Each structure stands twice: as structure tokens, then as C-alpha cells.
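Listed here are the chains, written in short residue letters.
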Amino acid sequence: MTPLLRARTRRALATLLLLAATACTAGPSLENQGEVTAPPGDSKELTIGSAGFTESDLLAQMYALLLERAGYSADIISVTNREIYEPALEKGQIDVVPEYAATFADWLNAKAEGADADPVGSPDLAATMKALRALAAPRGLTVLDPGRAVDQNAFAVTAAYARKHDLKTLSDLGAAKLPVRLAAGDECVQRPYCAPGLKKTYGIDVVAVDPKGVGTTQAKQAVQNGQDQMVLTTTTDATLDQFGLVLLEDDKKLQNADYVVPVVNRARAGGDGVRDALGRLNTVLTTADLASMNEQVDSWRRLPEDVARTYLESKKLIPEN
């Protein structure tokens, strides 16, 4: 372990202990959040939160490397439960997290208005960002600009099936009037962006949902062997080629705008320094880049830090070691 990694680990452990001690307490009330109207802060020692899955780990590592390049001290802590890391972000126990615009907007809206609140995330990125920032600001959070990378639900078929029926888009599949068994999570039966949305928006004849999960190996194998015709996965799924699968374009934009966005604690990391450092990633990072990095970690068993560093070096965002 390098000295930098040891230092990061020590700081992360200290933060983890603090979070564990305060996990059962509520975040500060909106009425008492003085930092909401305070000038943006620029602490030089920052803690970055990861949600604990590969892509979040990669984004957190890239954030840390970019911030260190800009003169900050950055450590990373993995907190897999949004119910814990979001209040910690409000309190300044965590300073920066990678999030997804539509999902986080809906989560904050449900937190404010109740679990039955109507969704505010939508396929429209501008409208989603406006709603997200309005929800985040009273909590002392600043949502930085999104880049080009998006991790949305997506639907894949075998390349052979696509060739046979001349399919490139979900509209093509609807027009083909083919019966489709869909491998997905069991909630797909009711989710408006899954089976009901495929029927309503595209006219796709979803005859059954095979409850094998979202993008799981079992779900992809079911499509590969012809048991099902289509699988619900994500746009950054890096394993599709291994199963002979290709994505069909969501040409009518059924899916929400889940673009990657950094969310920061305004009082500690809301200044131009953090914004500029993390904004450099927006100029290069694409959905395909994220998929490739996910593959390197999940399939090639490379460490997220090594993959993140190699990527940033290749884009000339940090100097080579």
C-alpha cells in the first residue's frame, strides 16, 4: 500500500466511525441549516463518498485524483446506503459524491414530500437538473454540472435477432410487432419506464416478464439462449459482447436523464476550485468510457484506482506517474 493510500485509508476509517456514530440521527432541519445561505466553502481536506459499486468507486477515484491534482487532500469512503450518505453529505461529514441526476432528484423529492410523491426526474436533462438543484439547495447541497456520461436503464437483444429483424431502435422493435419475453426485475411489470412504458411509448408487445433481475448473468443468458428475446440492463453494461447482445436505441427517450453529476456540500466544497477540478472530467468522460472502465474492474479484475488513474492520464487530465 502506497503512503497516499495509507493516508486515505486512515482518514476514511475516521469518517466511517463518525458516520457509524451518527447514522441513527437525523440531518439538520432545513430551518436550521445556516450554511444554505453562507458563501460557498473551499476546504482543502475533502472526503469523497462512494456508493460501493464498481462505477461509483471509479467515479470517486477519478474525483479524488482530480482534486489532488488541483491541490486538495482527498480521501474516499464507501457508504452503500443513500439513507446514510446523503445526510452525511448535508452535515459535511462527506463533502462530495457522484450521483445520477434523475434518480437523486426523485430520492430528494420523496424525502421532502413523502414516498408517494410524484417523480420530478424525467428524460429532459434540463428540467431534471432544475428540479434537482431546487431540492438540493435548501439542504446545503450544490449540484455541479453534468457531463456526457449517463447510466440509464437500457434494453438489449442478441445481435443475431437484431440482424434478422432489422432492429436498431426500440421503435423498430415496436413496429416489427414481435412477441417479446423480457428478462428483468419483477418490478418491471409495474414500473412506468419498463414493461408499461415499452408498450405505451413504443408499442412493443411484452408478453411476459421473466424475473431474472436487471442485467444479471442469468438474465443475459436467457436472451442469449433464446428463452427470452430482450433483457433490461444499463447503458454502462460492459459485458454485453460476451453474450452476443446489442443495445437498442431509446429513440423516443423513455428513460430518465440519469447523467452523472457531482453533488457537494456547499459550505465545504461549493467553491470554484472543486467545481473547476471536477468539471474537467465533463470534457472527456462518455458513457462508453464508463462501460469500458467497469469492464476492466469487473471482468479483468483491475483495481478501480489503477483504472481511474490510467484513464485520466490517457486524457491528459493528470500527469503520468
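Look above for the structure.
Residues numbered from 1 in each chain as written. Predicted model: local features only at pLDDT ≥ 70, side-chain atom pairs only at ≥ 80, totals over all residues. Heavy atoms only, no water.

Describing the packing of aromatic side chains
Then, in step 1: In total, this model carries 1 aromatic pair according to the counting rule given.
Then, in step 2: Ring geometry for F104 versus W107: centroids 6.3 Å apart, planes at 10 degrees, classification stacked. Here F104 pairs with W107, and both are found in helix α4 (residues 101-113), just 3 residues apart, close to one helical turn.
Then, in step 3: Given a relative accessible area of 0%, F104 falls into the buried group.
Then, in step 4: Here W107 falls in the buried class, since its relative accessible area comes to 19%.
Then, in step 5: In this structure, K44 packs its charged tip against the face of Y72, placed 4.4 Å from the ring centre. (Phe/Tyr/Trp six-rings, centres within 6.5 Å; stacked < 30°, edge-to-face > 60°. Helix = DSSP H or I, 4+ residues; strand = E, 2+ residues; numbered from the N terminus. Buried < 20%, exposed > 50% of the residue type's maximum accessible area, 1.4 Å probe, protein only. Lys NZ or Arg CZ within 6 Å of the ring centre and 35° of its normal.)

Quick notes on the environment of I94
Then, in step 1: Mapped onto the elements, I94 comes out in the loop between α3 (82-91) and β3 (96-100).
Then, in step 2: The spacing of I94 and A269 is 175 residues in sequence and 9.9 Å in space, taken between C-alpha atoms.

Some thoughts on the state of the cysteines
A covalent bond bridging the sulfur atoms of two cysteines is what the word disulfide describes.
Then, in step 1: Evaluated as defined, the whole model comprises 1 disulfide.
Then, in step 2: Residue pairing for C188: its cysteine sulfur links by disulfide to C194, the two sulfurs lying 1.8 Å apart. On the S-S bond that ties C188 to C194, the torsion sits near -85 degrees, and the link is left-handed. Of the two residues examined, C188 and C194, each falls in the buried class. (Disulfide = S-S within 2.5 Å.)

Digging into the sheet that holds strand β9 (residues 245-248)
Then, in step 1: One open sheet holds the 5 strands; their spatial order is β7-β6-β8-β5-β9, and the pairing between them is mixed. Of all strands in the sheet, those with a lone pairing partner are β7 (205-211) and β9, marking the two edges. Taking the axes of each pair of neighbouring strands and ignoring which way they run, one obtains an average angle of 40 degrees across the sheet.
Then, in step 2: Pairing between strand β5 (residues 153-158) and strand β8 (residues 230-234): 4 bridges, direction antiparallel. When the bridges of β8 are listed, A156 appears paired with V231.
Then, in step 3: Contacting β5, β6 (179-184), β7 and β8, helix α8 (residues 195-202) crosses the sheet at an angle of about 165 degrees to β7.
Then, in step 4: Contacts between helix α9 (residues 217-224) and the sheet are confined to β5, β6, β7, β8 and β9, with β8 contributing the most and set at about 145 degrees to the helix. (Pairing = 2+ DSSP bridges. Axes fitted to C-alpha atoms, helices over the stretch in contact; angles between N-to-C directions. Contact = heavy atoms within 4.5 Å.)

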